[in-house]
Amino acid sequence: MLLYIEIYNGHPDYQGIENLVQQHLMLICAEDPGLSFSNTNYQEPGSPSSRFIQVEYVPTISSIGGNALNRVANQYQLNGDVVIFPRGSFDQIQLQDGSEKPMYSIPAGITEYYQNNGTGGWDSLIYYDVTPKDYFGEMGVNYVTRDLKGMCISVPRHVILFHELCHAAQSHNLPVQEETRLHEEILIIELENGYRASWRLPARGCELVFEEEIGINLGFCL
């Protein structure tokens, strides 16, 4: 049960975005010096050509985000590994049912579970949009949701990753049924709101996340 980040090898405009994942993890654990990164020879069965960075976390301070990261890095329940796949807004993501969608339309992030034939456990694969809109010009989109009063609020990238890490930390009977996913989403939003509060961000009241803008004036929250 180890935690990895894929070294991105897709669209040229997104090269190096794995460095943003490291920055987001630092934000999540409140810049705890117990977080470290190292090169590894790890191979993910579903991505044989990919290279990875190993994430290790030995908590030295307590924080809401750090506690969630510790559960994934050191207390993972599914006897497999957790792998973070950073993606750009317009990257195509292949889902478990074999379909493909651009990252922005999922939207923002998703955690999929695959049985690892080598270990017999279940790997949690986290795909999330790591590119803020202003990072690569028009190569990223913004995401929004609604607060408890129905008003539009932002979904920062590190909040997206925290949310998906919480999914990965859940103990499941796999494969996950749709009813279980819906129930779990409510629980994860409660955890996300605790994390949001630690950043003085407004609480989220909506299960849905939307892309705020794609191209010219295509908006959801007005």
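Definitions and cut-offs
- Residues numbered from 1 in each chain as written.
- Predicted model: local features only at pLDDT ≥ 70, side-chain atom pairs only at ≥ 80, totals over all residues.
- Heavy atoms only, no water.
- Core = buried A, V, L, I, M, F, W, Y, C linked by side-chain atoms within 4.5 Å.
- Buried < 20%, exposed > 50% of the residue type's maximum accessible area, 1.4 Å probe, protein only.
- Helix = DSSP H or I, 4+ residues; strand = E, 2+ residues; numbered from the N terminus.
- Contact = heavy atoms within 4.5 Å.
- Salt bridge = Lys/Arg side-chain N within 4 Å of Asp/Glu carboxyl O.
- Polar contact = N/O pair within 3.5 Å; in protein donor to acceptor, adjacent residues only side chain to side chain.
- Pairing = 2+ DSSP bridges.
- Axes fitted to C-alpha atoms, helices over the stretch in contact; angles between N-to-C directions.
- Parallel < 35°, antiparallel > 145°, perpendicular 65-115°, else oblique.
- Nonpolar A, V, L, I, M, F, W, Y, C, P; charged D, E, K, R; others polar.
- pLDDT = per-residue confidence, 0-100.
- Left-handed = near helix turned anticlockwise from the far one by under 90°.

## Side note on the nonpolar core
Alright, step 1. Counting residues in each nonpolar core, the largest one holds 41 residues, and the members touching the most others are Leu25, Ile84, Leu161 and Leu165.
Alright, step 2. Listing elements by their share of this core, those giving two or more residues are strand S1 (3-7), helix H1 (18-28), strand S3 (51-57), helix H2 (64-74), strand S4 (82-87), strand S8 (122-129), helix H3 (157-168) and helix H4 (178-198).
Alright, step 3. Here this core takes seven residues from H3, the largest share from any one element.
Alright, step 4. Here Ile84 is in contact with Leu3, Tyr4, Ile5, Glu6, Val21, Leu25, Ile126, Tyr128, Leu161 and Leu165, once residues within four sequence places are set aside.

## Thoughts on the pattern of salt bridges
Alright, step 1. Counted by the stated rule, this structure contains five salt bridges.
Alright, step 2. Taking the shortest distance from any N to any O, the salt bridge between Glu6 and Arg87 comes out at 2.7 Å. In this pair, Glu6 sits in strand S1 while Arg87 sits in strand S4, placing the two residues 81 residues apart along the sequence.
Alright, step 3. One salt-bridge network, in which partners are shared between bridges, spans Glu185, Glu192, Arg196 and Arg204.

## A look at the side chain of Ser89
Alright, step 1. Mapped onto the elements of the fold, Ser89 is located in the loop between S4 and strand S5 (92-94).
Alright, step 2. There is a polar contact of 2.6 Å between the side chain of Ser89 and the side chain of Asp129.

## Some words on the sheet that holds strand S2 (residues 35-40)
Within a sheet, each strand pairs with its neighbour through backbone hydrogen bonds, oriented either parallel or antiparallel.
Alright, step 1. One open sheet holds the six strands; their spatial order is S2-S3-S1-S4-S8-S7, and the pairing between them is mixed. Edge strands, defined here as strands with exactly one partner in the open sheet, are S2 and strand S7 (109-115). With direction set aside, neighbouring strand axes in the sheet form an average angle of 25°.
Alright, step 2. The pairing of S7 with S8 spans seven bridges and is classified as antiparallel. Note that in S8 the partner of Gly109 across the bridge is Tyr128.
Alright, step 3. Against the sheet, H1 contacts S1, S2, S3, S4 and S8, and its axis sits at roughly 150° relative to S1.

## Some details on the packing of H1 against H3
Alright, step 1. At their nearest, the axes of H1 and H3 sit 9 Å apart, and the two run at 75° to each other. Classified by the angle their axes make, H1 and H3 are roughly perpendicular. Facing H1, whose interface residues are Val21, His24, Leu25, Leu27 and Ile28, H3 presents Arg157, His158, Leu161, Phe162 and Leu165.
Alright, step 2. Within the contact of H1 with H3, the residues separate by chemical class into seven nonpolar, two polar and one charged.

## Quick look at the confidence of the model for the protein
Alright, step 1. Taken over all residues, the pLDDT of the protein has a mean of 85, while the share at 70 or more is 86%.
Alright, step 2. By mean pLDDT, the top-scoring element of the protein is H1 (97), and the lowest-scoring one is strand S11 (residues 210-211) (82).
Alright, step 3. Low pLDDT (under 50) marks residues 214-222, which in the prediction has 14 contacts with non-local residues, meaning those over four places away or in another chain.

## Quick notes on the side chain of His163
Alright, step 1. If you trace the backbone, His163 turns up in helix H3.
Alright, step 2. Among the residues examined, His163 registers a relative accessible area of 5% and is labelled buried.
Alright, step 3. Among residues more than four places away in sequence, those in contact with His163 are Glu185, Ile188, Ile189, Glu192 and Arg204.

## Details of the packing of H2 against H3
Alright, step 1. Orientation of H2 relative to H3, taken along the N-to-C sense of each, is 40°, at an axis distance of 9 Å. As judged from the angle between their axes, H2 and H3 are oblique. For the pair H2 and H3, the sense of crossing is left-handed. Facing H2, whose interface residues are Ile64, Gly65, Ala68, Leu69 and Val72, H3 presents Phe162, Leu165, Cys166 and Ala168.
Alright, step 2. Split into classes, the residues belonging to the contact of H2 with H3 amount to eight nonpolar, one polar and no charged.

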